[in-house]
Amino acid sequence: MRQVVGKPSRERRGRARRAIGLTGIAALLPIVLAGCSLDDAFYLGWPRTRPTTQSEQMFDLWIGSTIAALAVGLIVWGLTFWCIVAFKKKDTDTELPRQTKYNLPAELTFTALPFVLIGVLFYYTVVVQDNVTEMSDEPNACTQVTAFKWNWQFTYTDENCEPLTGADGQAVVETGDSDYIPIIVVPNEDDVRFEAHAEDVIHSFWVPDMLFKRDVFPGGDNQITRWEVDFNSEGAFVGRCAELCGAYHAFMNFEMRVVSPEDYETFVDARVDGASTPEALEMIGQEPYAFTTTPFDTDPASGEAS
Ligand SMILES: [Cu+2]
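Bear in mind that the values here come from a model prediction, so they are computed numbers and not experimental data.

**Some words on the coordination of the copper ion**
Right, on to step 1. The protein atoms that coordinate the copper ion are His203 (ND1), Cys241 (SG) and Cys245 (SG), at distances spanning 2.1 to 2.3 Å.
Right, on to step 2. Going along the chain, you hit the donors of the copper ion in the pattern H-x37-C-x3-C. Of this pair, His203 sits in strand E6 (residues 203-207) while Cys241 sits in strand E9 (residues 235-241), and the two are 38 residues apart along the sequence. The residues His203 and Cys241 share a single accessibility class, namely buried.

**Some thoughts on the nonpolar core**
Right, on to step 1. Formed by 47 residues in total, the largest nonpolar core has its most connected members in Trp152, Phe194, Phe205, Phe231 and Met256.
Right, on to step 2. The residue makeup of this core includes at least three contributed by each of domain 2 (47-87 + 104-134) and domain 3 (141-295).

**Brief notes about the side chain of Thr277**
Right, on to step 1. Mapped onto the secondary structure, Thr277 falls in helix H6 (residues 277-283).
Right, on to step 2. Of the residues examined, Thr277 reaches a relative accessible area of 2% and is grouped as buried.
Right, on to step 3. If we skip the residues at most four places from it in the chain, Thr277 touches Glu174, Tyr180, Ile183, Phe267 and Arg271.

**What about the environment of Ser204?**
Right, on to step 1. Inspection of the secondary structure puts Ser204 in strand E6.
Right, on to step 2. Residue Ser204 is classed as buried on the basis of its relative accessible area, which comes to 0%.
Right, on to step 3. Separated by 32 residues in sequence, Ser204 and Val172 place their C-alpha atoms 23 Å apart.
Right, on to step 4. When sequence neighbours within four positions are dropped, the list of residues in contact with Ser204 reads Trp152, Lys213, Arg214, Asp215, Val216, Arg240, Cys241, Ala242 and Glu243.
Right, on to step 5. Within the structure, Ser204 has its side chain in polar contact with the backbone oxygen of Arg214 (distance 3.3 Å).
Right, on to step 6. Side-chain polar atoms of Ser204 contact the side chain of Asp215, separated by 3.2 Å.

**Here we look at the domain arrangement of the protein**
Right, on to step 1. Domain assignment breaks the protein into domain 1 (9-43), domain 2 (47-87 + 104-134) and domain 3 (141-295).
Right, on to step 2. In this structure, domain 1 and domain 3 have C-alpha centres spaced 47 Å apart.

**Some details on the sheet that holds strand E8 (residues 225-229)**
Right, on to step 1. Strand order in the open sheet made by the 5 strands is E3-E2-E1-E5-E8, with mixed pairing throughout. Edge positions in the open sheet fall to strand E3 (173-175) and E8, since each of these has one partner strand only. Taken pair by pair, the neighbouring strands of this sheet meet at an average axis angle of 20°, ignoring direction.
Right, on to step 2. Bridge count between strand E1 (residues 141-148) and strand E5 (residues 192-198): 7 bridges; the pairing is parallel. Following the sheet pairing, Cys142 is matched in E5 by Arg193.
Right, on to step 3. Seen against the sheet, helix H5 (residues 261-272) touches E1, strand E2 (151-156) and E3 and runs at an angle of roughly 100° to E2.

Parameters at a glance
- Residues numbered from 1 in each chain as written.
- Predicted model: local features only at pLDDT ≥ 70, side-chain atom pairs only at ≥ 80, totals over all residues.
- Heavy atoms only, no water.
- Donors = N, O, S within 2.8 Å, 3.2 Å for Na, K, Ca; no water.
- Helix = DSSP H or I, 4+ residues; strand = E, 2+ residues; numbered from the N terminus.
- Buried < 20%, exposed > 50% of the residue type's maximum accessible area, 1.4 Å probe, protein only.
- Core = buried A, V, L, I, M, F, W, Y, C linked by side-chain atoms within 4.5 Å.
- Domains from an automatic or database assignment.
- Contact = heavy atoms within 4.5 Å.
- Polar contact = N/O pair within 3.5 Å; in protein donor to acceptor, adjacent residues only side chain to side chain.
- Pairing = 2+ DSSP bridges.
- Axes fitted to C-alpha atoms, helices over the stretch in contact; angles between N-to-C directions.

Printed below as a string of structure tokens:
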């Protein structure tokens, strides 16, 4: 039986409704299954606390790039769906639609526009990258970082990155082990330097809240990784190893405590005078032990590895 020309059949309308329903469910599923709060959505998965100026800049670059990408995406999707709906073949159509070829203004626009977009993204990326990798001539504080299978050691130094010597004649260090999360204490000020190297294999120094990680290499002086950050807030931040380095890689955690410059002085002086890290932390009113992460049970026989 021939259907009435130009009028969608009931069957076709039913199919369209089903398609719209399925598309709606497909769009809702990721939102429901991801289990994110609405607040998290606005941060696009990035941490809310950003204790360094560099992390603020990286965050702004990321959010700006994402908004630009979404704007381009919305225009492309909008045009695509508009074409699908507005220029759908009708039963009354007898010939091909008008073909547009060799439209110079349109082709020039479509070529130039992406270059403008790339140029803007490139410019801001270079600016932020330069700020993130910038080093001062004289840092305000410096810590040596030693990564080893499977923990961290931090050595407190003077402004020239020379290790400080304690009352016992040994370098002032903080070393983690299976039962103890090492804490690195740093002052809340600009130009705080880190000098990192590894004892054995490649590790990676990562403080997620700082939006920053750096590979740490074994080898001599020319394999030392150096970087600086400008802190802008105090707090405790979990640190991790971000380079698969062996069996207990996942357990290789530390905690970074950003304290006021005065408290940092007091802390380091106390350490030089022989106080342990927990003792020195209590002297400046800080929690004596790490609380952003806990030691893992590394004994496979216990059956309680978490
Ligand atoms: Cu590692």
